[in-house]
Amino acid sequence: MGRRQDADVPPGLLLVDKPGGMTSHDVVARARRVLSVRRVGHAGTLDPMATGLLVLGVGTATRLLGHVGGHDKTYEATIRLGQTTVTDDREGEVLVTTPAGHLDDDAVTAALAAQTGPLLQVPSSVSAVKVAGRRSYDRVRAGEEVVLEPRAVTVHRLEVHRVTRPTPDLVDVDVTVSCTAGTYVRAIARDAGAALGVGGHLTALRRTASGPFTVAGAAPVEEAGQALAAGGGAGVLGLTDAARAVFPVRTLTDEEARALGYGQRIPATGTPGLHAAVDGADRLVALVEDAGATARVAVGFPPG
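Heads up: these notes are all about the structure in this document. Worth saying up front: this structure is predicted, and the values here are computed from it rather than measured.

1. Let's talk about the overall build of the protein
Secondary structure assignment for the protein yields 8 helices and 19 strands. Along the three orthogonal principal directions, the C-alpha set of the protein runs to about 70 × 50 × 40 Å. Split by element, the accessible area of the protein, about 14000 Å² in all, is 51% carbon and sulfur. For the protein, the centre of its 31 positive side-chain charges and the centre of its 33 negative side-chain charges are spaced 7 Å apart.

In structure tokens, the structure reads:
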């Protein structure tokens, strides 16, 4: 079978429930194979160990991904206290083991509570952060010593659900974390463990929400891709519905829709920020934003 033209598949977002063991790029590659299209991207990288919500854009919906990826995220995670690893998660070699059995639940909860609010967080050196154009993890694997600059993040909520002791020297903590984009939950585990003097790392991580999207609406990548090609179904948001979920909607007159189609300006909305400009046929024409007395096209979505 020949490769489809990208225009043969309707644009939209795929809400994928990523399994463990796959990189975000692996998921994108699989979606490309399922759909036989080239133009697929993702918003908000998930580590191979992590599972849960990964948002993919197909066709012109890739133009939405930069706006989707910056949303707040929610995760379910398990933090193990008593061991430090090279990657700050279970995938890495254990560097140091320090008995944590003496810690009571209150001390554990207090250390994690200190990891909430505005934080200056140093990402793991084995992360996707770029250093002089190369991923940090590539530099580490090449034998370089990498120390990343701290970045400002905010942990809105860190809820402790359960504290267990799988061995006399280890403490496992099940948590929910709600945070800004760019926050590393494994850095929370590392820093809380360091504050307690026993080290810490992540043993499980699942993203349950990104902005308005939740894993409850997601599907395996193959199912979501097939549903998009068929015109809709589980794990699929068409282009207009996807934009409507992220931005306030501006309903266009026929005259305004024509003007935007030619790249012309239309009267301002009077409210700041991007708006999804939708025509009378419920088609996303553009993302528009005010520039003085008029609104201009920030991102166009020509019919195709």
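2. Looking at the sheet that holds strand β16 (residues 266–267)
Reading across from one edge, β15-β17-β18-β19-β16 is the order of the 5 strands in this open sheet, with mixed pairing throughout. Sheet topology places β15 (249–251) and β16 at the edges, where each strand pairs with a single neighbour. Where strand β18 (residues 284–291) lies against strand β19 (residues 294–300), 6 bridges are found, and the strand directions are antiparallel. By the bridge assignment for β19, Ala286 is matched with Gly300.

3. Focus: the nonpolar core
Among the nonpolar cores identified, the biggest contains 49 residues, and Leu14, Leu56, Leu81, Leu112 and Val173 are the most heavily contacted of them. When we break this core down by domain, the ones giving at least three residues each are domain 1 (12–71 + 212–242) and domain 2 (73–209). Not counting residues within four places of it along the chain, the set of residues in contact with Leu56 comprises Gly12, Leu13, Leu14, Val16, Val27, Val28, Ala31, Val40, Gly41, His42, Leu65 and Val221. Ranked by size, the runner-up nonpolar core spans 24 residues in total, among them Ala61, Val68, Leu274 and Ala276.

4. Quick look at the packing of helix α3 (residues 105–113) against helix α5 (residues 185–196)
Orientation of α3 relative to α5, taken along the N-to-C sense of each, is 125 degrees, at an axis distance of 9 Å. One finds that α3 runs oblique with respect to α5. As for how α3 packs across α5, the hand of that crossing is right-handed. Of the residues in α5, those touching α3 at Ala107, Val108, Ala111 and Leu112 are Ile188, Ala192 and Leu196. Tallied by class, residues from the contact of α3 with α5 come to 7 nonpolar, no polar and no charged.

5. Observations concerning the side chain of Asp174
When you line up the elements, Asp174 lands in strand β11 (residues 170–179). A distance of 2.8 Å separates the side chain of Asp174 from the side chain of Thr78, its partner in a polar contact. Aside from chain neighbours lying at most four places away, what touches Asp174 is Ala77, Thr78, Glu159, Val160, His161 and Arg162.

6. Remarks on the pattern of salt bridges
The full count for this structure, using the stated rule, is 14 salt bridges. A salt bridge links Glu222 to Arg30, with the shortest nitrogen-to-oxygen separation between them at 3.0 Å. Of the two residues, Glu222 sits in helix α6 (residues 221–230) while Arg30 sits in helix α1 (residues 24–35), which places them 192 residues apart along the sequence. Here Arg283 and Asp279 are joined by a salt bridge, their closest N and O atoms 3.8 Å apart. Judged by its relative accessible area of 29%, Arg283 falls in the partly exposed class. Among the ionic contacts, a cluster of salt bridges with common partners joins Asp88, Arg190 and Asp191.

Calculation criteria
Residues numbered from 1 in each chain as written. Predicted model: local features only at pLDDT ≥ 70, side-chain atom pairs only at ≥ 80, totals over all residues. Heavy atoms only, no water. Helix = DSSP H or I, 4+ residues; strand = E, 2+ residues; numbered from the N terminus. Areas by Shrake-Rupley, 256 points an atom, 1.4 Å probe, with all protein chains shown as cover. Lys, Arg positive; Asp, Glu negative; His and termini not counted. Charge placed at Lys NZ, Arg CZ, Asp CG, Glu CD. Pairing = 2+ DSSP bridges. Core = buried A, V, L, I, M, F, W, Y, C linked by side-chain atoms within 4.5 Å. Buried < 20%, exposed > 50% of the residue type's maximum accessible area, 1.4 Å probe, protein only. Domains from an automatic or database assignment. Contact = heavy atoms within 4.5 Å. Axes fitted to C-alpha atoms, helices over the stretch in contact; angles between N-to-C directions. Parallel < 35°, antiparallel > 145°, perpendicular 65-115°, else oblique. Left-handed = near helix turned anticlockwise from the far one by under 90°. Nonpolar A, V, L, I, M, F, W, Y, C, P; charged D, E, K, R; others polar. Polar contact = N/O pair within 3.5 Å; in protein donor to acceptor, adjacent residues only side chain to side chain. Salt bridge = Lys/Arg side-chain N within 4 Å of Asp/Glu carboxyl O.

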